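The primary structure of each chain is shown beneath.
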Amino acid sequence: MTLEEKTAQLVGYWLDQNGVVAPMQGEMAAAQDGATLADITRHGIGQFTRVYGTRPVEPDERAAWLWAEQRRLKRETRLGIPALVHEECLTGLAAWKAATFPTPLAWGASFDPELVEQVGAVIGRSMRQLGVHQGLAPVLDVVRDPRWGRVDECIGEDPYLVGTVGTAYVRGLQGSGVDATLKHFLGYSASQAGRNHAPVHAGPREIADVFLPPFEMALADGGARSVMNSYAEIDGVPVAANADLLTGVLRDRLGFDGTVVADYFSVAFLEVMHGIAADRGQAAAMALEAGIDVELPTGDAYLAPLIELVRTGAVDETLVNRAVLRVLQQKERLGLLDPDVFADDAPTGIDLDTPEHQDLARRLAAESLVLLSNDGTLPLTGAGPADGQGPGAGPADGHRAGAGTVRPAGSVAVIGPNAHRAEALQGCYSFANHVLATHPDLPLGFAIPTVLDALRDALGDAVSSALGCTVEGDDRSGFAEAVQLAESAEVAVVVVGDQAGLFGRGTVGEGNDTESLELPGVQRELVEAVVATGTPTVVVLLTGRPYVLGWALDAPTRPAAVVQAFFPGEGGGLAIADLLTGAASPSGRLPVSLPRSAGAQPYTYLHPRLGGPSDVTATDSTPVRPFGFGLSYTSFAYEDLTVDDTVASDGTFSAVVTVRNTGARDGADIVQLYGHDVAASVTRPVAQLLGYARVAVAAGESVRVRFRVPVQRFAFTDRRMRRVVEPGDVQVWVASHAAASRPQGPVESGGIVAVPGGAAAEPVPGSATERATVRVTGPVHEVGVADPRLVTWTVD
């Protein structure tokens, strides 16, 4: 291969840039001066950037064009190597007429990796059918600050939840023949003050113990084949130029042997944003040496600037050869080097929103909905459990909600800016909000019933509607109509929240960071005006981040019920209607804590003792609702926890608990197993999710859930920066959320020891078992990357 042919394999080419879908896209776009695609690819090309996802194109027509273009590359370039095609696929394939699934924050709320894997598989099949080889998903950044606009793209604030759910998506996508790309390596979500691209001030232990584990899991357990770098800098070193991370950690320690692709323009950003490179050539040299194999979306740095440095001897050509070999190995594995590739005609009659897509989208949406409060108003029709406890409360275990009457819906006023907008159901990386926002005259291209549509289908003429206000702005002129409608109804459903978008085009999404965690615009005022009518008011939140909701959950005058939906996708409106009417029972749990205030951020439930409220500070960071919280239309109790008192020879211990459905309805519970390392050489979280299980339990029945826990779940990075498991006592308990009955008081050692008492002032009621103590014996055990980390569970 000539040097020109080599570097051509290390870059992408963006066929047609449209709108703004990447940071600084307008400033970074390179003029081609009338050059044809044949001219641009005369030496070949590594990747085609977003063939389907940059502008609206008919799937059949674009597939025919792509097959013809791939044949031209085989026929007219000397080496005859087709292009690898990549697309965004975070909420489904980001293409016109393709199904839109719930946003990743909803994946986390479902606590259902198996269902997420099925979703990944059907997305992958659509992509492969279109000739797409690589998907730029999943995002494995661990949420640290909800002010960050890209929270909508993340799975949650717990590394284990992120890792298990993200790994499931990788398995689904890659099982369909499409390479997954893990984003964003590493620490991106810890950006200063929740501002996109801001510096990251995280120590090496936090990087190793919080941000790295999801990537370790997706590589070791999911076999992910591509990784994308973070835009951010960590302690002054941009990740795109950080060989310690991109080579030392990723390849040498974790054993990754796939391709590292640059986040869009991040190589050039070493010059224009970070200021550590004098020009594009120096930026190319830094990134290539650090371990970035492919420059995306175009070849701003890896073509002419890099070629010049190689020719002058400033850059060793072996670095180019190293990256080219990785790219060619990927193409060979994907079948792009096969002699007969693209010999057959392109597919026709392509359907990107089949009944299977629709069913999976609705199922995942249904499992992701979180009931935050309920005074018995929900469900609107049908039977609930027998003993509602008043607004926002539940029985002593705080683990159920609803009242026991059967009643017709009566008249329902559906109010709010997100009640009748399909875009409000979709995340930032949906095609509707990512691309179609700049094509307002085009339809979405698939069916997506709004909340209002779905409620009208379920309840018929009982439903009336009013806008009230818009998502953004301060126009209150619609309040009067909304209030009048609510006053005449038996129940009001107010649907508020976000509009996902990019770089100022919306309230959440990439580049849409916020200083406030209050609902955008005057939406809170709208809710309060409707609540003041005295009509029972149900608030439905369609958002991409958690907002400050103490006023809606704990204030003396508050809505009758609150439902949190994290951009639930094309099946979201139907799933919400099912929940409100009682056709389905809520089972989602919060994958992120509900913040008390913007000033309390960043916050994580994984905090050490001094990271929470204490007598030494006047501020309170306690969330309004904790990680893992969610109510049901039935009630669950945990009984008879038994835990091995010592670790078995295979390095695991078991925890077994009875889960009893004590209500009148069938339901699904998310059984959460927590732990606490009592005394360690570095501070440890007061509670840590060890494992979880989604379990269906019939009314009045019980099941015995058995967890098998590798002791490596208690591993951490010690003072010598080794990942270790230390000997000592660890506490284990089962709870309905992270704040339910945290261990308190002294710890006895030896055997299964119940620690008396719960937290002195829990923020919300919760159901939990007594705690048990497991003795970890022996010397300090250093943990390797290949050591097991997954908790398994079975139902007896």
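Details of the structure are given in the entry above.
Residues numbered from 1 in each chain as written. Predicted model: local features only at pLDDT ≥ 70, side-chain atom pairs only at ≥ 80, totals over all residues. Heavy atoms only, no water.

### Some remarks on the overall build of the protein
Looking only at helices and strands, the protein has 21 helices and 26 strands in total. A compact globule built from 796 residues should have a C-alpha radius of gyration of about 28 Å, and the protein, at 26 Å, falls within 12% of that. Per-residue burial for the protein yields a buried fraction of 64% across its 796 residues. Taking as baseline every contact in the protein between residues at least 6 positions apart, the subset at least 24 positions apart corresponds to 79%. (Helix = DSSP H or I, 4+ residues; strand = E, 2+ residues; numbered from the N terminus. Rg over C-alpha atoms; globule rule 2.2 N^0.38 Å. Buried < 20%, exposed > 50% of the residue type's maximum accessible area, 1.4 Å probe, protein only. Contact = heavy atoms within 4.5 Å.)

### Re the pattern of salt bridges
Pairs may arise between side chains of opposite charge once their charged atoms sit close together. Inspection of the entire model under this criterion finds 39 salt bridges. Ionic pairing is found between R147 and D145, a salt bridge with its closest N-O pair at 2.6 Å. As far as the burial class goes, R147 and D145 line up, both buried. Here E271 ties to R280 by a salt bridge, and the two come within 2.7 Å at their closest N and O atoms. Take R280: its relative accessible area is 24%, and that puts it in the partly exposed class. (Salt bridge = Lys/Arg side-chain N within 4 Å of Asp/Glu carboxyl O.)

### Let's talk about a negative patch on the surface
A cluster of acidic side chains, namely E332, D338, D340 and D344, defines a negative patch on the protein surface. Counting through the fold element by element, D340 comes out in the loop between α14 (317-333) and α15 (355-368). (Patch = residues over 30% accessible without salt bridge, like charges linked within 9 Å, V, L, I, M, F, W, Y side chains within 5 Å. Areas by Shrake-Rupley, 256 points an atom, 1.4 Å probe, with all protein chains shown as cover. Lys, Arg positive; Asp, Glu negative; His and termini not counted. Charge placed at Lys NZ, Arg CZ, Asp CG, Glu CD.)

### Focus: the pairing of strand β5 (residues 179-185)
If a strand is regular, its side chains alternate between the two faces of the sheet. Counting buried positions over the seven residues of β5 gives seven, a clear majority of the element. Here strand β4 (residues 134-135) pairs with β5 via two bridges, running parallel. Directly across from G135, in β5, lies its bridge partner A180. Crossover connection from β4 via helix α7 (residues 159-175) to parallel β5: handedness right-handed. As paired strands, β5 and strand β6 (residues 226-229) are joined by three bridges and run parallel to one another. Looking across to β6, one finds that F185 is bridged to N229. (Pairing = 2+ DSSP bridges. Right-handed = clockwise from strand over helix to strand, strands pointing away.)

### Focus on the sheet that holds strand β19 (residues 688-697)
Ordered by their spatial adjacency, four strands build an open sheet running β19-β18-β23-β24, and the pairing between neighbours is antiparallel. A single partner strand is all that each edge strand has here, and the edge strands are β19 and β24 (772-776). Direction aside, neighbouring strands of the sheet carry axes that sit 25° apart on average. In the sheet, strand β18 (residues 667-677) pairs with strand β23 (residues 728-735) via six bridges, with the strands oriented antiparallel. Its bridge partner lying in β23, D677 is registered against V730. (Axes fitted to C-alpha atoms, helices over the stretch in contact; angles between N-to-C directions.)

### Here we look at the sheet that holds strand β10 (residues 370-374)
Pairing in this open sheet of six strands is mixed, and the strands run β10-β15-β14-β13-β11-β12 from one edge to the other. The two strands at the open ends of the sheet, each matched to only one other strand, are β10 and β12 (463-466). On average, each strand axis in the sheet is inclined to that of its neighbour by 20°, with strand direction left out of account. One ladder, built from six bridges, connects strand β14 (residues 537-543) with strand β15 (residues 561-566); its direction is parallel. Note that in β15 the partner of V540 across the bridge is V563. Contacts between helix α17 (residues 451-459) and the sheet are confined to β11 (412-415), β12, β13 (491-497) and β14, with β12 contributing the most and set at about 160° to the helix. Strands β13, β14 and β15 of the sheet are contacted by helix α21 (residues 572-581), whose axis makes an angle of about 155° with β14.

### Things to note about the packing of aromatic side chains
Counted by the stated rule, this structure contains 16 aromatic pairs. For the ring pair W14 and Y264, a centre distance of 5.3 Å and an interplane angle of 65° mean the geometry is edge-to-face. Of the two residues, W14 sits in strand β1 (residues 12-14) while Y264 sits in the loop between β9 (259-261) and α11 (266-272), which places them 250 residues apart along the sequence. Just as W14 is buried, Y264 falls in that class too. Each ring, one from F111 and one from Y692, has its centre 5.2 Å from the other, and the planes form 90°; the classification is edge-to-face. In this pair, F111 sits in the loop between α5 (104-110) and α6 (113-129) while Y692 sits in strand β19, placing the two residues 581 residues apart along the sequence. Of the aromatic side chains, those joined through ring pairs into one cluster are W14, W148, Y188, Y231, Y264, F265 and F269. Stacked on the ring of W65, the Lys or Arg R62 has its end atom at 4.5 Å from the ring centre. Just above the ring of Y429 sits the side chain of K183; from NZ or CZ to the centre is 5.2 Å. (Phe/Tyr/Trp six-rings, centres within 6.5 Å; stacked < 30°, edge-to-face > 60°. Lys NZ or Arg CZ within 6 Å of the ring centre and 35° of its normal.)

### Regarding helix α8 (residues 204-211)
Residues separated by three or four positions in an α-helix point in the same direction, a consequence of the helix having 3.6 residues per turn. Those residues of α8 not exposed but buried are I207, A208, D209, V210 and F211. In this fold, the buried residues of α8 make contact with α7, α9 (213-220), β7 (233-234), β21 (716-717) and β22 (723-725).

### A closer look at the nonpolar core
For soluble globular proteins, nonpolar side chains are generally found buried alongside one another. Of all hydrophobic cores here, the largest spans 258 residues; its most connected members are F48, F185, Y302, L378, I415 and L580. If one sorts the elements of this core by residue count, α7 sits on top with seven residues. (Core = buried A, V, L, I, M, F, W, Y, C linked by side-chain atoms within 4.5 Å.)

### Some points on the packing of α6 against α15
Two numbers describe how α6 lies on α15: the axes approach to 10 Å, and their chain directions differ by 150°. Classified by the angle their axes make, α6 and α15 are roughly antiparallel. α15 is crossed by α6, and the crossing has left-handed handedness. Side by side, α6 and α15 meet where L115, V116, Q118, V119, V122, R125 and S126 of the first sit next to E356, H357, L360, R363, L364 and E367 of the second. Of the residues that constitute the contact of α6 with α15, the class distribution is six nonpolar, three polar and four charged. (Parallel < 35°, antiparallel > 145°, perpendicular 65-115°, else oblique. Left-handed = near helix turned anticlockwise from the far one by under 90°. Nonpolar A, V, L, I, M, F, W, Y, C, P; charged D, E, K, R; others polar.)

### So, helix α18 (residues 479-487)
Among the residues of α18, those classed as buried are F479, A482, V483, L485 and A486. Seen from one end, α18 has its buried residues packed into an arc of 160°, which puts them on one side. Opposite the buried face of α18, by more than 90 degrees, sit the exposed residues A480, Q484 and E487. Where α18 is buried, its residues contact β11, β12, β13 and α19 (523-531). (Arc of directions from axis to C-beta.)

### Quick notes on unusual backbone geometry
The omega torsion of the bond from A137 to P138 falls at 10°, within 30 degrees of zero and hence cis. Of note, P138 is situated in the loop between β4 and α7. A positive phi angle, near 50°, is found at F111, a position not held by glycine. The class of F111 is buried, set by a relative accessible area of 1%. The backbone of F567 sits at a positive phi, close to 25°, despite the residue not being glycine. Along the polypeptide, F567 turns up in the loop between β15 and α21.

### Let's talk about the packing of α17 against α21
For the pair α17 and α21, the least separation of the axes is 8 Å and the interaxial angle reads 45°. As judged from the angle between their axes, α17 and α21 are oblique. The handedness of the crossing between α17 and α21 comes out as right-handed. In contact with V451, A454, L455, A458 and L459 of α17, α21 contributes G573, L574, I576, A577, L580 and T581.

### Looking at the environment of V732
Locating V732 in the fold gives a position in strand β23. Along the primary structure V732 and R713 are separated by 19 residues, whereas in three dimensions their C-alpha atoms are 12 Å apart.

Any functional reading would require information beyond the geometric quantities listed.
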